[in-house]
Amino acid sequence: MRLCRFSLDEIVLTGFYADDCVIPIDQAAEAYSDDKGVELLLPSTDDLLDLLPPAGVYFHVIRDLGAWVDELDPVALSELAIPIQDVELLVPIGAPSKILLLAGNYAEHIVERGGLSVEREETFPYVFMKPPTTTLTNPGDPVVIPRISPDHIDWECELGVIVGRRCRDVDEADALDYVAGYTVVNDISDRKFTPNPQRKPRERDRFFDWQHGKWHDTFCPVGPCILTSDAVADPQALTIQLSVNDVIKQDSSTAKMIFSVAAIVSFLSRFVTLEPGDIISTGTPSGVGSATNSYLQPGDTLRATISGIGTLENPVEAEDS
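Predicted, not measured: the structure shown is a model, and the values here were computed from it.

### What to know about the pattern of salt bridges
Then step 1. Going through the model one piece at a time under the given rule, you end up with 17 salt bridges.
Then step 2. Residues R270 and D169 are paired through a salt bridge, measuring 2.8 Å at the closest nitrogen-oxygen approach. Taken as a pair, R270 in the loop between α7 (261–269) and β17 (279–281) and D169 in the loop between β11 (157–163) and β12 (179–186) lie far apart in primary sequence, 101 residues in all.
Then step 3. One continuous salt-bridge network, built from bridges that share partners, spans K130, D154, E156, D187, R191 and K214.

Given below as structure tokens:
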């Protein structure tokens with residue numbers, strides 16, 4: 001089941017997501033009640049967490065409603081569906097308390113960036129953060145190339161994990177029980193951000209330059225929906241692909257992660273309390289622009305796709321002068 005948030009006539013709604021349309025949940029529930037003679041009790045909020053496993057109080061209601069929608073004939077479905085071009089898709093989790101991202105979680109990506117691949121037993125996940133209120137970007141909204149550092153802006157298609165239940169100190173074997181669903185994240189990165197180029201060099205400049213290059217406004221598009229965790233038998237068996245202007249740049253599989261989704265959730269939970277709605281982005285495969293010295297330009301279009309979830313599309317624009 002795929003769920004989304006969208007805006008229609010300046011009203012924020014929740015819906016079932018299809019690649020070419022959305023089905024508003026409130027309208028589907030009304031049609032269901034008319035058909036079955038049973039009123040569905042659903043929240044009026046646009047917060048998807050109440051609708052998601054494992055702890056969403058309305059998840060079982062939404063799951064039954066979604067199954068009913070799936071069985072509608074084309075005519076009945078068309079009466080509920082709104083074409084995707086007629087709505088504004090929104091980030092599926094509107095206000096996550098944390099966005100945690102992994103660096104170097106695919107061996108091929110480490111190598112293409114000039115690093116040395118290591119085995120899981122020899123290392124640990126490298127985790128960094130992005131500020132949610134300024135980096136999160138809706139599907140369809142532009143990634144903005146910053147005036148301060150415009151020349152080395154790169155893409156990174158990643159599997160995003162939505163935490164569904166408060167999580168602390170869990171074993172890897174149990175970690176997926178705390179996952180609500182999955183989405184697509186594009187970890188936009190400024191590869192050569194150099195604040196104050198006339199600075200006096202210090203030992204950790206390179207690390208902080210890299211980290212600060214992750215934080216520009218709009219540098220975390222997320223969407224177009226959440227695929228519920230009950231629909232994913234194995235999060236390590238998803239294809240992942242990104243194109244720039246319809247030219248495929250990344251083409252891989254989550255099977256190539258060094259640390260699996262379960263391992264990442266378990267690791268983080270050992271020292272950070274994960275909360276419902278937190279977004280964990282699990283790292284990117286090979287095929288980033290910096291490997292070939294090719295970077296984003298104004299007018300480009302990014303399309304990041306993960307099987308079962310869908311395509312996250314964003315144009316690229318220059319920051320206004």
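### Some thoughts on the side chain of Q236
Then step 1. Tracing the chain through its elements places Q236 in the loop between β14 (220–228) and β15 (239–244).
Then step 2. According to the relative accessible area criterion, Q236 is buried, its value standing at 17%.
Then step 3. Ignoring sequence-local partners within four residues, the contact set of Q236 consists of S253, T254, A255, M257, S260 and V261.

### With respect to a negative patch on the surface
Then step 1. Judged by side-chain charge, D26, E30, D34 and D35 come together as a negatively charged surface patch.
Then step 2. Note on placement: E30 falls in helix α1 (residues 25–36).

### Observations regarding the sheet that holds β15
Then step 1. Across the sheet, which stays open at both edges, the 5 strands sit in the order β9-β19-β18-β15-β16 with mixed pairing between neighbours. The sheet terminates laterally at β9 (143–145) and β16 (247–253), the two strands that pair on one side only. Recorded for the sheet is a direction-independent mean angle of 20° between the axes of neighbouring strands.
Then step 2. Here 6 bridges tie β15 to β16, and the two strands are oriented antiparallel to one another. Within the sheet, the bridge partner assigned to V244 lies in β16 and is V247.

### Some remarks on unusual backbone geometry
Then step 1. Note the cis peptide between P53 and P54, where omega equals 0°.
Then step 2. Between G223 and the following residue, P224, the backbone shows a cis peptide bond with an omega angle of 0°.
Then step 3. Here P224 lies in strand β14.
Then step 4. For D9, which is not a glycine, the phi torsion comes out positive at approximately 55°.
Then step 5. Considering the arrangement of structural elements, one finds D9 in the loop between β1 (2–8) and β2 (11–17).
Then step 6. Backbone geometry at E10 places phi at a positive 65°, although glycine is not the residue there.
Then step 7. Within the secondary structure, E10 is located in the loop between β1 and β2.

### Things to note about the packing of α1 against helix α2 (residues 59–70)
Then step 1. Between α1 and α2, whose axes approach to 10 Å, the crossing angle comes to 75°. The pairing of α1 with α2 is recorded here as roughly perpendicular in orientation. Mapping the contact onto sequence places I25, A28, A29, A31, Y32, D35 and K36 in α1 and I62, L65, W68 and V69 in α2.
Then step 2. Considering only residue class, the contact of α1 with α2 consists of 9 nonpolar, no polar and 2 charged.

### Considerations on the side chain of D278
Then step 1. By secondary structure assignment, the location of D278 is in the loop between α7 and β17.
Then step 2. A distance of 2.5 Å separates a polar atom in the side chain of D278 from a polar atom in the side chain of S97.
Then step 3. A polar contact of 2.9 Å, which involves the side chain of D278, links it to the side chain of K98.
Then step 4. Setting aside anything within four residues of it in sequence, one finds D278 in contact with S97, K98, V161, I162, V163 and T273.

### Focus: the environment of T305
Then step 1. Its place among the elements puts T305 in strand β18 (residues 301–306).
Then step 2. Taking the relative accessible area as the measure of exposure, T305 reaches 26% and is therefore partly exposed.
Then step 3. Taking C-alpha positions, T305 is 7.0 Å from V184, a pair spaced 121 residues apart along the chain.
Then step 4. Here T305 is in contact with C157, T239, I240, Q241, G310 and T311, once residues within four sequence places are set aside.

### So, the nonpolar core
Then step 1. Membership of the largest hydrophobic core comes to 54 residues, with the highest contact counts inside it found for V22 and L302.
Then step 2. For L302, the residues in contact, after removing those within four places along its chain, are V143, W155, N186, I188, L242, S243, V244, L296, L312, E313, N314 and V316.
Then step 3. Membership of the second largest hydrophobic core comes to 34 residues, among which are F16, A28, Y32 and A103.

Conventions we followed
- Residues numbered from 1 in each chain as written.
- Predicted model: local features only at pLDDT ≥ 70, side-chain atom pairs only at ≥ 80, totals over all residues.
- Heavy atoms only, no water.
- Salt bridge = Lys/Arg side-chain N within 4 Å of Asp/Glu carboxyl O.
- Helix = DSSP H or I, 4+ residues; strand = E, 2+ residues; numbered from the N terminus.
- Buried < 20%, exposed > 50% of the residue type's maximum accessible area, 1.4 Å probe, protein only.
- Contact = heavy atoms within 4.5 Å.
- Patch = residues over 30% accessible without salt bridge, like charges linked within 9 Å, V, L, I, M, F, W, Y side chains within 5 Å.
- Areas by Shrake-Rupley, 256 points an atom, 1.4 Å probe, with all protein chains shown as cover.
- Lys, Arg positive; Asp, Glu negative; His and termini not counted.
- Charge placed at Lys NZ, Arg CZ, Asp CG, Glu CD.
- Pairing = 2+ DSSP bridges.
- Axes fitted to C-alpha atoms, helices over the stretch in contact; angles between N-to-C directions.
- Parallel < 35°, antiparallel > 145°, perpendicular 65-115°, else oblique.
- Nonpolar A, V, L, I, M, F, W, Y, C, P; charged D, E, K, R; others polar.
- Polar contact = N/O pair within 3.5 Å; in protein donor to acceptor, adjacent residues only side chain to side chain.
- Core = buried A, V, L, I, M, F, W, Y, C linked by side-chain atoms within 4.5 Å.

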